[in-house]
Amino acid sequence: MRAACGARPVTVRVAIDEVTGLHRVVDDRSGPVEEANAFLSAVAIRGLSPRTVRAYAFDLMAIYRWLEVTGRALAELGQPDLLDLVAHERRRGAQPSSINRRLTVCRLLYSFWQPDGLGAEAGTSLPAPHYRGAGRDRRLGLHVLQKKRSLVLRVKEPKKLITPLSPDQVRQLLRGLRRYRDIAIVHLMLLCGLRSREVLKLGRHDISLLERRVRVMGKGSKERIVPLAELAAVSIEQYLTHERPRDAACGTLFVCLQGKRRGHAMTPAGLRSLFRHRRQQPELKIANPHRLRHTFGADMARSGVSLPVIQKLMGHANPEMSLQYINLSLADIAEAYRVASSRIQTSYDMNEP
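Treat the numbers as computed from the prediction; the structure is a model and nothing was measured.

The rules behind these values
- Residues numbered from 1 in each chain as written.
- Predicted model: local features only at pLDDT ≥ 70, side-chain atom pairs only at ≥ 80, totals over all residues.
- Heavy atoms only, no water.
- Helix = DSSP H or I, 4+ residues; strand = E, 2+ residues; numbered from the N terminus.
- Polar contact = N/O pair within 3.5 Å; in protein donor to acceptor, adjacent residues only side chain to side chain.
- Pairing = 2+ DSSP bridges.
- Contact = heavy atoms within 4.5 Å.
- Axes fitted to C-alpha atoms, helices over the stretch in contact; angles between N-to-C directions.
- Expected span 1.5 Å × (residues − 1).
- Buried < 20%, exposed > 50% of the residue type's maximum accessible area, 1.4 Å probe, protein only.
- Arc of directions from axis to C-beta.
- Phe/Tyr/Trp six-rings, centres within 6.5 Å; stacked < 30°, edge-to-face > 60°.
- Core = buried A, V, L, I, M, F, W, Y, C linked by side-chain atoms within 4.5 Å.
- Salt bridge = Lys/Arg side-chain N within 4 Å of Asp/Glu carboxyl O.
- Parallel < 35°, antiparallel > 145°, perpendicular 65-115°, else oblique.
- Nonpolar A, V, L, I, M, F, W, Y, C, P; charged D, E, K, R; others polar.
- Patch = residues over 30% accessible without salt bridge, like charges linked within 9 Å, V, L, I, M, F, W, Y side chains within 5 Å.
- Areas by Shrake-Rupley, 256 points an atom, 1.4 Å probe, with all protein chains shown as cover.
- Lys, Arg positive; Asp, Glu negative; His and termini not counted.
- Charge placed at Lys NZ, Arg CZ, Asp CG, Glu CD.

## Quick word on the side chain of Arg 72
Secondary-structure assignment places Arg 72 in the loop between α2 (50-70) and α3 (79-91). At 3.2 Å, the side chain of Arg 72 forms a polar contact with the side chain of Thr 70. Polar contacts involving the side chain of Arg 72 include one to the side chain of Asp 81, which spans 2.9 Å.

Quick look at the structure:
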């Protein structure tokens, strides 16, 4: 009989292997969870980024905690069991996107050890199929796509509108910066659309001040070239001239400027602290690195830049990813409505007494 959920404390956690540096799933009672760690090793060997391996490890930790408290085993799972995983994660307060990610990781892990996959069984609630025409590829419609054998269980994710920063918020954020380095970092996110990790990975050789371009290594080791905004080029040049230590111990562009780590590569924690201090102001509460990148996408869309160009600038493999960055804010909708409504009233002579 399966144990009741929460009947005993969980013992599964994530640890870092001192030899390989990879994240591993460990059970404090029985040691490393080998079936999970073999999967993580295979993912790492395939060349996925350390951040992806880390994300898989924490999702696997959640899955094995669920297996532990419910008395299940990976090899015995069926589709109805995934519904229990969804219910378990909902009780824990997990977000729908997190639940869907863990469902995906659970299926990947199961397929890694059981190539036939999770079969559909009685008691399974799958999404209803929708008719989508001939099933051709989305770009040109020339190739017929193979139909999936079965749909997979997913949780419905709410569509959330992310409002970009306003011009006043951007000005206030920039006025609060006291270093050329910090100004250059904000400019690269706000005016060039770089992710925070992409900024930290930049090397000095990736910046061409003469040609005004940046070579960016994005997600999945995909390289792209982005034009360098004039303001960003000026702030980077000032940082290199006045702040960056001449004897810096690394080749990355942005380094620590004080303390024991002076001259060493700037860390994600250091970048987060840069924004955390500014976000203590009520007006800048939402001013995080990703919000700057979203503001860049929204500004490009407002300026009439086409979706394919925005996709290339932001390094999205799927054009649908770019759409979430160009959703209009309520202020944009209100202004467009105001202009259109004024024209309509004028055409009807409604403004005359």
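## Things to note about the sheet that holds strand β2 (residues 23-27)
Spatial strand order, β1-β2-β3: 3 strands in an open sheet with antiparallel pairing. Across the chains shown, the open sheet's two edge strands, defined by having one partner strand only, are β1 (12-16) and β3 (31-32). Alignment of β1 against β2, held across 5 bridges, turns out to be antiparallel. Note that in β2 the partner of Val 14 across the bridge is Val 25. Where helix α1 (residues 34-45) meets the sheet, it contacts β2 and β3, and its direction lies at approximately 175° from that of β2. Contacts from α2 reach β1 and β2, with the element oriented near 155° to β1.

## Re α1
Taking 1.5 Å of rise per residue, 12 residues should cover 16 Å, and α1 covers 16 Å from first to last C-alpha, within 8% of that figure. Looking at α1, one finds that the buried residues are Ala 36, Asn 37, Phe 39, Leu 40 and Val 43. Projected onto a plane normal to the axis of α1, the buried residues spread over an arc of 155° and lie on a single side. Exposed residues lying more than 90 degrees from the buried face of α1 are Glu 34 and Ile 45. Its buried side turned inward, α1 meets β2, β3, α2 and α4 (96-113). Once α1 finishes, Gly 47 follows within two positions and takes phi at roughly 100°, a positive value.

## Quick notes on the packing of aromatic side chains
With the rule as written, the count across this model stands at 4 aromatic pairs. Ring geometry for Phe 39 against Tyr 56: centres 5.8 Å apart, planes inclined by 50°, an arrangement best described as tilted. Residue Phe 39 is located in helix α1, and its partner Tyr 56 is located in helix α2; the two are separated by 17 residues in the primary sequence.

## Points about the side chain of Arg 291
Structurally, Arg 291 can be placed in helix α10 (residues 289-302). You can call Arg 291 buried: its relative accessible area is 16%.

## What to know about the sheet that holds strand β4 (residues 207-208)
Strand pairing in a sheet takes place through backbone hydrogen bonds and is either antiparallel or parallel in direction. Taking strand neighbours across the sheet as the criterion, the 3 strands line up as β4-β5-β6 in an open arrangement whose pairing is antiparallel. A strand with exactly one partner marks an edge of an open sheet, and here the two such strands are β4 and β6 (223-227).

## Considerations on the nonpolar core
Counting 40 residues, the largest nonpolar core has Ile 185, Leu 188, Leu 202, Leu 228, Phe 254 and Leu 292 as the members making the most contacts within it. Contributions of two or more residues to this core are made by α5 (167-175), α6 (180-192), α7 (196-201), β5 (213-217), α8 (230-242), α9 (268-278), α10 and α11 (307-314). In terms of nonpolar packing, the next biggest core, distinct from the first, is built from 30 residues, Ala 36, Leu 60, Leu 77 and Leu 85 among them.

## Here we look at the pattern of salt bridges
Considering all chains together, one arrives at 17 salt bridges under this definition. Where Asp 168 meets Arg 171, a salt bridge forms, and the shortest distance between an N and an O atom there is 2.3 Å. A residue pair is termed a helical-turn pair when its members lie 3 or 4 positions apart in one helix, as Asp 168 and Arg 171 do in helix α5 at 3 residues. Note on Asp 168: relative accessible area 51%, which makes it exposed. The partner of Asp 182 in a salt bridge is Arg 181, with the nearest N and O atoms 3.0 Å apart. Residues joined by salt bridges that share partners form a network here, namely Asp 59, Glu 89, Arg 92, Arg 101 and Arg 102.

## Quick look at the packing of α6 against α9
Running from amino to carboxyl end, α6 crosses α9 at an angle of 90°, the nearest separation of the two axes being 12 Å. By the angle between their directions, the pair α6 and α9 is classed as roughly perpendicular. Facing Asp 182, Ile 185, Val 186 and Met 189 of α6, the residues of α9 in contact are Leu 271, Leu 274 and Phe 275. Here the contact of α6 with α9 is composed, by residue class, of 6 nonpolar, no polar and 1 charged.

## Considering a positive patch on the surface
A surface patch of positive charge is lined by Arg 51, Arg 54, Arg 197, Lys 201, Lys 219, Arg 272 and Arg 276. Elements that contribute at least two residues to the positive patch include exactly α2, α7 and α9. Of note, Lys 219 is situated in the loop between β5 and β6. Take Lys 219: its relative accessible area is 60%, and that puts it in the exposed class.

## A closer look at the pairing of β5
Side chains of β5 alternate between two faces, with Val 214 and Val 216 buried and Arg 213, Arg 215 and Met 217 left unburied. By the bridge criterion, 2 bridges tie β4 to β5 in an arrangement that is antiparallel. The residue of β5 that forms the bridge with Ser 208 is Arg 213. Where β4 hands over to β5, the hairpin turn is made up of 4 residues, of which Arg 212 adopts a positive phi near 55°. Direction of pairing for β5 relative to β6: antiparallel, over a ladder of 5 bridges. What sits directly across from Met 217, in β6, is Glu 223. Hairpin connection between β5 and β6: a loop of 5 residues separates the two successive antiparallel strands, and Gly 220 in this loop has a positive phi of roughly 65°.

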